[in-house]
Structures are given as structure tokens and as C-alpha cells.
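Below, each chain spelled out in residue letters.
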Amino acid sequence: MLLLWVSVVAASALGAPAPGAGEQGRGAAKAPNVVLVVSDSFDGRLTFHPGSQVVKLPFINFMKARGTSFLNAYTNSPICCPSRAAMWSGLFTHLTESWNNFKGLDSNYTTWMDVMERHGYRTQKFGKLDYTSGHHSISNRVEAWTRDVAFLLRQEGRPMVNLIPNRTKVRVMEKDWENTDKAMNWLRKEAINYTEPFVLYLGLNLPHAYPSPSFGENFGSSTFHTSLYWLEKVSHDDIKIPKWSPLSEMHPVDYYSSYTKNCTGRFTEKEIKNIRAFYYAMCAETDAMLGEIILALRQLDLLQKTIVIYSSDHGELAMEHRQFYKMSMYEASAHVPLLMMGPGIKANLQVSNVISLVDIYPTMLDIAGIPLPQNLSGYSLLPLSSETFMNEHEVKNLHPPWILSEFHGCNVNASTYMLRTNHWKYIAYSDGTSVLPQLFDLSSDPDELTNVAVKFPEITYSLDQKLRSIINYPKVSASVHQYNKEQFIKWKQSIGQNYSKVIANLRWHQDWQKEPRKYENAVDQWLKTHANLRAV
């Protein structure tokens, strides 16, 4: 009955007048409500052609038709906590020093939601937040702190798929569905009665891979898990098998990532296709939860009074570049969805400007009519999505023609910086000299298979100079190195005589326990280098 009801209401919603039709825009007396739905690990390329052909996403398509979709939206750090810290603060990662999944914002940090509440908005949030410090596993922290140690250890389980026995099960990710239900009930029982505007946030864990068994080969969050109901939403003939470079020809940072993610072994084409199919099925389930919120708003006659925004903290490699998970500047990991619809938002508009998640903070305040702080890294997206007509020159000047993304966490053995411009993607590492940079022309090489940094030295130099004008990345990298060693020393001292046992039983336990003395010695050598540098 639930599925029948959803189908009927979805069809009705698709036939309803466009949000804002016949109404005044944001200039009306009452500011619009805002609903922000943020999923995890959603590849933004699935929201437009040709990626959109591989899986049915009816509610994302509904938002595209009724609103504005941003074709080049990026995370500011391709991992959960630092990305969300950027989204909730409006500041680049190096400004908040959100270096890894353990290090985010302080718990009392003033977010855009706090500001909106002070200006009269009713606020509520459900589900995954993950933008403050202190979360995620000990193993995750230690892996990030020790990424400069001279060892190579598998830190994840080999990616795998798991099809649940119940062929028709819809609510596979039960926790996400519970939070979706809570958000819908809040709309029905609380928000509908407010005279003030409201802002609702819903955080979903899907389509993040599921935790795997605690012991054995599949350890970590490496399981792509779904039911046949969602797999049937996937067009298997349209699943693309990614091309891989030989291991010996991989960029050294990519090789480290692939090895620590347990992806350097042999994978059959069937395995790769299944992983990608299951991931797309998990995206379809995510879309359905977004749809539940949209349908609830329509049932309550709130849809035409509410700006709905959908995005994700980062993407999912799903075996592109011989990796799963994120922690990479490749498109599958760094490109995120960003769609907006509601009063004053132009319908069926595709914006090609490069934007990023730091733009959400000023956008939320702009929706509410709140003056923007001067220190933000981001820019409001409202002018780019406004129903008010602007010529091409005006549109180009509404947002800088570049975005910055950076990564300092686990599974990558060098701080990484990405500058994305019109069709160029420049990736610099560490101090800018010890690790070779990468340059991709996304207009001719959308799969990022050919590094042309050496072929185009003038462009490489120009983009590097632009990057350095935005961020002094060698200095930031040095700060992260210092932070990592200091945090590791504090952690080691805190566990005292249990150190050898604890470190041997983290996620890398399968490799560590084969040669524990070797790996402890590598850590000791790294710490001696740290002590010598401090002495100097």
C-alpha cells in the first residue's frame, strides 16, 4: 500500500503547478521556509546527462524540472566531517582547521542555522550532522595522523556487495528511513502550525557504503548493500566499467590510496559492475527519501512556500581509478549534487558555473534576507538561480570562476589541493615540489585518465600561482604534519603500556600483526624525525 500511495502522490505532485507560479518571489512579506536534505557519498554526475541514464531518480528529476541544478558543484574536502564543517561554517577547510574526520568545528560554533534562528526562523534538524570534532573511530584518527609514516598497510576491507534476501524490501537503510519519518512528522505536527518561517535539515547516511564484519577480509565500511527492489531501478546496460591505469603507472598518491583501500588485488569485471550497480541502487533509495519530504510538503500545501535544497557531502568512487570510498579529487569523489527549487528559483535551469559547499551558508542567509558576514569563503547561489533575468556577463561575475577543495585525512599520504576552473582541474600535493602535480582537461578527458601537467607547463604554472594566491598550501601542509605528530604523541601517551596491543588491533590489524615490530619501528623513526625537527 505504501508504494502504491507514493506512486499516486508522486504522479499528482509532478502534475502540480510549479513552486512559486503565480506568486511573488522572495520579496513577499514572509520569508520562505527552507528544507535542506544532505545525503552522504552521492556522485553529483548522476544528476545530469549522461550519468542520469544509469539509475532512476524521479525526485531529483522533479527538482531539476521545477528548479535549478548546478552542474559543477564540488565538495570543499572529500570526506564527511571536514566537508560538513565547510558547509555549516561557510569557510574553507584550512580556515576551520578541519583536518580529518576527528577534527571539525567546535560544538558551540555559530552555524547558518544558529543565525537564522536568531533572526526569527524556527529550526529543526534530524539525522547525520557530523561537522563537529570528536567523532569517528580511533582507528580512523590514527590512520590520518600516521599517513606520513614509511609503511603501507591495508586500512579498509575489500569492497563487496550484499543482496538482502527480501526481494521487495524498500526500507533497506532503516535508520535513514526513521529520520525521514521524524522529519515528515515534524512537518505535519509542528511546522504546519508555525506563523514564522522554518528551516528543516535532514541528513542521510546513504548512499555511503555499510560497515562490514569486524574481523576478516571485509573490515571497515566496504559493503554495498541493497535489495532487488532498488536494483531494478538501475539500468545495468548503461553501467560503465571504468578504465584503470596499471599499478606501476599510477600516481604515487593514487597507489597509496588504492592500496590502503584494499583495491590493488584482482577484480573481475562482474565484481566491478556489481559494486557500481549496488551503489546506484543505494542512490535510488536515497532519492526516495528525498521524495518523501517533497511529497509531505506538497500534501501540507507548503511546497510552494518552501525552498528545497538537495546536496551531498562528497561523492563515491565506486571503483573508478581502482578505488572505492572518497578521499580523492577525482570527479566521482569530489563532484556533488546541488539542486534548488521553490519560490523565486528559476525552473528547469542548469547552471554551469563552478560552485562548492561553502556557498550553502551564504545562500541560506540570503534566502532569509539576512546580511552576509564579510569573512565567508562562499557566495550566495540565489543570484545564479534567480527568476530575475541576467545576461551572460552578469552571471559570470556572480561567483569566482574557481573553487577550492583540500584533503588532509586518512588513505592519502599527502595533503591534497584541487583548483577547479572552467575546464581545468589542477591538483597539487604537500609542499608543491616533493609530489608531482596533476592537471586534467575535463572537456576532452572527463574520466581523468591523462595527466597533462608536463604537456602544458604554462597552464600548470599559472594554475599553481592562482592556487597559491588563494591558499599558502605548503604552509598549510606543514601545519597538518605538525598537528598529526602532536596528536599521535598525545594519543600514545594516553594509552601507556597498552600501546603495542591497541595499535596492532586497529583496522590495519591483518597486515600489522604479521610484522608488528617492523611497523612500530617505522612509527618510532617518524617520531624521532619529529623530535629532531622540534629541537632544530
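Please refer to the structure higher up on the page.
Presented here is a report on the structure given in the accompanying data block. (Residues numbered from 1 in each chain as written. Predicted model: local features only at pLDDT ≥ 70, side-chain atom pairs only at ≥ 80, totals over all residues. Heavy atoms only, no water.)

## Points about helix H9 (residues 252–260)
Under the convention used in this document: Any residue under 20% of the maximum accessible area for its type is buried, any over 50% is exposed, and the rest in between are partly exposed; the area is computed with a 1.4 Å probe on protein chains only. Only DSSP runs of H or I covering at least 4 residues are called helices, and only runs of E covering at least 2 are called strands; the numbering of each starts at the N terminus. Contact criterion: two residues are considered in contact whenever any of their non-hydrogen atoms come within 4.5 Å of each other.
Every buried residue of H9 is listed here: Val-253, Asp-254, Tyr-256, Ser-257, Ser-258 and Thr-260. Contacts made by the buried residues of H9 are with strand E13 (424–429) and strand E14 (438–441). Downstream of H9 by one or two residues, Asn-262 has phi in the positive range, about 65°.

## Here's the deal with the packing of aromatic side chains
What describes a pair of aromatic rings is the distance from one ring centre to the other and the angle between the planes of the rings. The line we're drawing: Working definition: rings of Phe, Tyr and Trp (its six-membered ring) pair if their centres are within 6.5 Å, and the pair is stacked with planes under 30 degrees apart, edge-to-face with planes over 60 apart, and tilted otherwise. Lysine NZ or arginine CZ positioned within 6 Å of the ring centre and within 35 degrees of the ring normal marks a charge as sitting over the ring.
Considering all chains together, one arrives at 27 aromatic pairs under this definition. With a centroid separation of 5.5 Å and 85° between ring planes, the pair formed by Trp-186 and Phe-198 is classed as edge-to-face. On the criterion of sequence distance, the pair formed by Trp-186 in helix H7 (residues 174–189) and Phe-198 in strand E5 (residues 198–203) is long-range, its members being 12 residues apart. Across the pair, Phe-198 and Trp-186 agree in class, each one buried. Judged by centre distance (6.1 Å) and plane angle (90°), the rings of Trp-244 and Phe-267 are edge-to-face. Highlighted residues: Trp-244 in the loop between helix H8 (228–231) and H9 and Phe-267 in the loop between H9 and helix H10 (269–299), separated in sequence by 23 residues. Looking at Trp-244, the relative accessible area reads 24%, which means it is partly exposed. Given a relative accessible area of 9%, Phe-267 falls into the buried group. Over the aromatic face of Phe-267 sits the side chain of Arg-158, whose NZ or CZ is 3.8 Å from the ring centroid.

## Brief notes about the side chain of Ser-356
Tracing the backbone shows Ser-356 in strand E10 (residues 349–356). When its relative accessible area of 3% is taken as the criterion, Ser-356 is described as buried. The contacts of Ser-356, once residues within four sequence positions are left out, are Tyr-74, Asn-76 and Ile-403.

## Some remarks on the pairing of strand E2 (residues 67–74)
To be explicit about the condition: One bridge is not enough; two strands pair if DSSP finds at least two bridges between them.
Within E2, eight of the eight residues are buried, which leaves the element mostly enclosed by the surrounding structure. In the sheet, E2 pairs with strand E9 (residues 338–341) via three bridges, with the strands oriented antiparallel. Bridging from a neighbouring strand, Ser-69 pairs with Leu-339 of E9. By the bridge criterion, six bridges tie E2 to E10 in an arrangement that is parallel. Looking at E10, one finds that Thr-68 is bridged to Leu-349. Summarising the sheet, E2 and strand E8 (residues 335–336) pair through two bridges and their orientation is antiparallel. From the neighbouring strand, Ala-73 faces E8, where its bridge partner is Val-336.

## Quick look at unusual backbone geometry
Going from His-49 to Pro-50, the amide bond is cis rather than trans, its omega being 0°. The topology assignment puts Pro-50 in the loop between strand E1 (33–39) and helix H2 (58–66). Note the cis peptide between Leu-206 and Pro-207, where omega equals -5°. Structurally, the position occupied by Pro-207 is in the loop between E5 and strand E6 (223–226). The phi dihedral of Glu-97 is positive, around 55°, even though this residue is not glycine. Tracing the backbone through its elements, the reader meets Glu-97 in the loop between helix H4 (93–96) and helix H5 (112–118). Backbone geometry at Met-327 places phi at a positive 60°, although glycine is not the residue there. As for its position among the elements, Met-327 is in the loop between strand E7 (306–312) and helix H11 (331–334).

## Details of the packing of H7 against H10
Our working rule: Note on geometry: axes are C-alpha line fits, over the in-contact stretch for helices, and angles between N-to-C directions span 0 to 180 degrees. Each angle gets one of four labels, with under 35 degrees taken as roughly parallel, over 145 as roughly antiparallel, 65 to 115 as roughly perpendicular, and the rest as oblique. In this count, Pro and Cys sit with the nonpolar residues alongside Ala, Val, Leu, Ile, Met, Phe, Trp and Tyr, while Asp, Glu, Lys and Arg are called charged and the others, Gly among them, polar.
Viewed as axis vectors pointing N to C, H7 and H10 meet at an angle of 10°, and their least axial separation amounts to 10 Å. When the interaxial angle is binned, H7 and H10 end up roughly parallel. Between H7, through Asp-176, Trp-177, Thr-180, Ala-183, Met-184, Leu-187 and Arg-188, and H10, the contact on the second element is made entirely by Glu-285, Ala-288, Met-289, Glu-292, Ile-293, Ala-296, Leu-297 and Gln-299. For the contact of H7 with H10, the per-class residue count stands at nine nonpolar, two polar and four charged.

Scope: geometric values only; no functional claims are made or implied.
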